[in-house]
Amino acid sequence: MAWPRDDAKLERVRSLMADEGLDAIVARAPDNVVYLTDFWGMKGWDAVVFPREGEPTLFCLEASADDAARTAWTDDVRLVEGYLPADPRPPVVRTLELAAALAREHGTVGLELSLGTQASDRMVGEPTTYTKAWFDAFPGAVDATQLLNGARAVKTPQEVERVRLANEIAAAAMDHVRGVIRAGMTEAQIAAEWLGFVHGEGTGWGGKVELALGFSLVWAGTGIKTFTATSNLPVVEGEPTLFEIWVCADGYWADHTKNLVVGELTEAYADLEAGLRAVYDDAVAFCAPGASLAELDRRIREGVERIGYPGQPTHPICHGVGARAHEPPYAHQAGGGEVQAGMVLAIEPGCYWEGGGGLRLEDNFLITEAGPEKLSPFPDGIVQA
């Protein structure tokens, strides 16, 4: 879908560039290209030269010319040949040559010199990584990563609408699996139900989503652990099936953890849910503009310790969501930063049992002056199927 140019977002970037003395940014990470141009490339071989003054230039594969014409916010689109009979080099090298030549027309240029992660392209989950030659082609460039992180941390109304769409799709897929989950189904089978709904029904969602992709980790009963893969363990009556789920809708994301139970919840899990829900609700209420991100991390971990799980969880408990599923800011008690109005935060405390089992709660919250607004219509906690 073609979205109108988000001038509020682009002007924020340009204002930060003026503060930092940058004349242009050269970005190649697919999520930054989406952020600056609204073009979501197929293979990560695209780039944008985004000047502080004037029209951005998008370099994209010639095969994507129609996509760029339909979605990009710039009229300056320059095509890169995907294959040249006399040139065996990867297409991204041709992108580099074009972008570097244009960047030389500007003074101080910023690059993504310190990316921790980047979103994948539209085609396959293998992001095209940067070679040394990419960085060497821009001598004297400065790091624009923190500038882009700062701009991206606070969402514009259009960005919020797009994150809402991803949240709606994720929730609708949970409603679907709530109706089909049965004891004895495997984690992988119920994950396939969720993923199939996201792609099949989310693509074209409300006439506003061109492509929806789902990503999931689904764990049942004793399979609930952190950083483990979905398996063929069966759904167990009375114990939760945990859905660690992500939806990408045209480059904007939702990140949730939802839980379903078949039958009556066991007493042990009911107690765990009550304790963790109190920690979660307290954390959400704390997230008003001006709240300390360090204190948020400390508050959640102290709450988890009070209910009997010292040192947990081992994963982050809060991060931003937008053009990546996991993006700054991150809450850490040894770090800094404040919650700001316009941020979209994933808040996700968890407790895990030795040997398997446990619970995590997670949703996305838009921070407003009146407090946090939950973006997913699907309930938190353990929901009965």
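Keep in mind the model is a prediction, meaning the values are calculated, not measured.

A. Region of the structure containing the environment of Asp46. Turning to its location among the elements, Asp46 is positioned in the loop between helix H2 (30-37) and strand S2 (47-51). For the pair formed by Asp46 and Tyr35, sequence separation is 11 residues and the distance between their alpha carbons is 13 Å. Ignoring any residue separated from it by four or fewer positions in sequence, one finds Asp46 in contact with Arg28, Val33, Phe39, Gly41, Phe59, Cys60, Leu61 and Thr95.

B. The arrangement of the pairing of strand S16 (residues 371-374) in detail. Here strand S15 (residues 363-368) pairs with S16 via four bridges, running antiparallel. The residue bridging Thr368 from the neighbouring strand is Gly371, located in S16. Adjacent in sequence and paired antiparallel, S15 and S16 are bridged by two residues.

C. Molecular detail of the sheet that holds strand S1 (residues 24-27). If you walk across this open sheet you meet the six strands as S4-S3-S2-S1-S5-S6, and the pairing is mixed. Of all the strands in the sheet, the pair left with one neighbour each is strand S4 (76-80) and strand S6 (142-143). Here strand S3 (residues 57-61) pairs with S4 via five bridges, running parallel. The residue of S4 that forms the bridge with Leu58 is Val77.

D. Inspection of the pattern of salt bridges at higher detail. Counted according to the given criterion, the structure contains 30 salt bridges. Of the charged contacts, one joins Asp38 and Arg162 as a salt bridge, the two residues approaching to 2.7 Å between their closest N and O atoms. On the criterion of sequence distance, the pair formed by Asp38 in the loop between H2 and S2 and Arg162 in helix H7 (residues 157-180) is long-range, its members being 124 residues apart. The burial state of Asp38 is the same as that of Arg162; both residues are buried. One salt bridge connects Glu327 with Arg152, and the closest N-O pair in it is separated by 2.6 Å. Of this pair, Glu327 sits in strand S11 (residues 327-330) while Arg152 sits in helix H6 (residues 145-153); the two residues are 175 residues apart in sequence, bridging distant segments of the chain. Counted as one network, the salt bridges with shared partners bring together Asp31, Arg152, Lys155, Arg324 and Glu327.

E. Geometry of the packing of aromatic side chains. Here the structure, examined in full by the defined rule, presents six aromatic pairs. Where Tyr130 meets Trp134, the ring centres are 6.1 Å apart and the plane angle is 80°; that geometry is what we call edge-to-face. Look at Tyr269 and Trp353: their rings are 4.5 Å apart centre to centre, the planes differ by 35°, and that puts the pair in the tilted class. A residue pair is termed long-range when its members are at least 10 positions apart, and Tyr269 in helix H9 (residues 267-286) and Trp353 in the loop between strand S13 (350-352) and strand S14 (358-360) qualify at 84 residues. These aromatic residues form a ring-pair network of at least three members: Tyr130, Trp134, Phe135 and Phe138. Taking the ring centre of Tyr35 as reference, the NZ or CZ of Lys9 above it sits at 4.5 Å.

F. Representation of the sheet that holds strand S9 (residues 252-261). One open sheet accounts for four strands, arranged S7-S8-S9-S17; its pairing is mixed. Looking at which strands have only one partner, the edges of the open sheet turn out to be strand S7 (212-220) and strand S17 (382-384). The average undirected angle you get between the axes of adjacent strands in this sheet is 30°.

G. Layout of the state of the cysteines. Counting across every chain of the model gives zero disulfides. In this structure Cys248 is a free cysteine whose sulfur lies 18 Å from that of Cys60, the closest cysteine sulfur available.

The rules behind the values
- Residues numbered from 1 in each chain as written.
- Predicted model: local features only at pLDDT ≥ 70, side-chain atom pairs only at ≥ 80, totals over all residues.
- Heavy atoms only, no water.
- Helix = DSSP H or I, 4+ residues; strand = E, 2+ residues; numbered from the N terminus.
- Contact = heavy atoms within 4.5 Å.
- Pairing = 2+ DSSP bridges.
- Salt bridge = Lys/Arg side-chain N within 4 Å of Asp/Glu carboxyl O.
- Buried < 20%, exposed > 50% of the residue type's maximum accessible area, 1.4 Å probe, protein only.
- Phe/Tyr/Trp six-rings, centres within 6.5 Å; stacked < 30°, edge-to-face > 60°.
- Lys NZ or Arg CZ within 6 Å of the ring centre and 35° of its normal.
- Axes fitted to C-alpha atoms, helices over the stretch in contact; angles between N-to-C directions.
- Disulfide = S-S within 2.5 Å.

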